[in-house]
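# Results of the structural survey
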Amino acid sequence: AFIKKNKLNSIKKSNLLELIGEYERKNVRHKNAIKYFKKSYKIRKIANVDNENHSSIGSCLNSIGDVYYEIDNYDKALKYYQKSYEIFEIAYAN
């Protein structure tokens, strides 16, 4: 029960960090947005250690790619989009 509750709390925290990242992105504070999206990503990687191809991890990577795209860093954006795509390919293979 403790592990499930701890995982749930981690997911909630990750979701909040992603929302803050979106807020920062919409307010054109790209460095902050990337920081929050990366924090969310790290938490999701830990919370989904048994499933490294969970779609929520791909979503975080996609959001990071979006921010890099918006600041014209296309090489970094592509790197994150490719990682995201690979995860989505596996997560939605069924």
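Remember, it's a predicted structure, so these values are computed and weren't measured experimentally.

This next bit is on the pattern of salt bridges. Counted by the stated rule, this structure contains five salt bridges. Ionic pairing is found between Arg-25 and Glu-22, a salt bridge with its closest N-O pair at 3.3 Å. Note that Arg-25 and Glu-22 are positioned in helix α1 (residues 2-26) at a spacing of three residues, about one turn of the helix. Arg-25 is paired through a salt bridge with Glu-70; the nearest N and O atoms lie 2.8 Å apart. With a gap of 45 residues between them, Arg-25 in helix α1 and Glu-70 in helix α3 (residues 55-70) connect regions that are remote in the sequence. What makes Glu-70 partly exposed here is its relative accessible area of 38%. Through salt bridges that share partners, Glu-22, Arg-25, Asp-66 and Glu-70 make up one connected network.

Attention now moves to the packing of aromatic side chains. This structure, assessed with the given rule, holds three aromatic pairs. With a centroid separation of 5.8 Å and 20° between ring planes, the pair formed by Phe-88 and Tyr-92 is classed as stacked. Classification of Tyr-92 by relative accessible area gives exposed; the value is 56%. If you follow Lys-83 out to its NZ or CZ, it ends over the ring of Tyr-80, 5.4 Å from the centre.

A residue-level look at the protein chain finds 88% of positions with pLDDT of 70 or above and a mean pLDDT of 89. Predicted confidence in the protein chain is weakest over α1, with a mean pLDDT of 83, and strongest over helix α4 (residues 74-91), with 95.

It is worth spelling out the nonpolar core at this point. Among the nonpolar cores identified, the biggest contains eleven residues, and these are Ala-33, Ile-34, Phe-37, Ile-57, Leu-61, Ile-64, Val-67, Tyr-68, Ala-77, Tyr-80 and Ile-87. Looking at this core, the elements that each hand over two or more residues are α2 (30-47), α3 and α4. Looking at this core element by element, the count peaks at five residues for α3. Excluding anything up to four places from it in sequence, Ile-64 contacts Phe-37, Lys-38 and Tyr-80.

Here is what the cut-offs are and how they apply
- Residues numbered from 1 in each chain as written.
- Predicted model: local features only at pLDDT ≥ 70, side-chain atom pairs only at ≥ 80, totals over all residues.
- Heavy atoms only, no water.
- Salt bridge = Lys/Arg side-chain N within 4 Å of Asp/Glu carboxyl O.
- Helix = DSSP H or I, 4+ residues; strand = E, 2+ residues; numbered from the N terminus.
- Buried < 20%, exposed > 50% of the residue type's maximum accessible area, 1.4 Å probe, protein only.
- Phe/Tyr/Trp six-rings, centres within 6.5 Å; stacked < 30°, edge-to-face > 60°.
- Lys NZ or Arg CZ within 6 Å of the ring centre and 35° of its normal.
- pLDDT = per-residue confidence, 0-100.
- Core = buried A, V, L, I, M, F, W, Y, C linked by side-chain atoms within 4.5 Å.
- Contact = heavy atoms within 4.5 Å.

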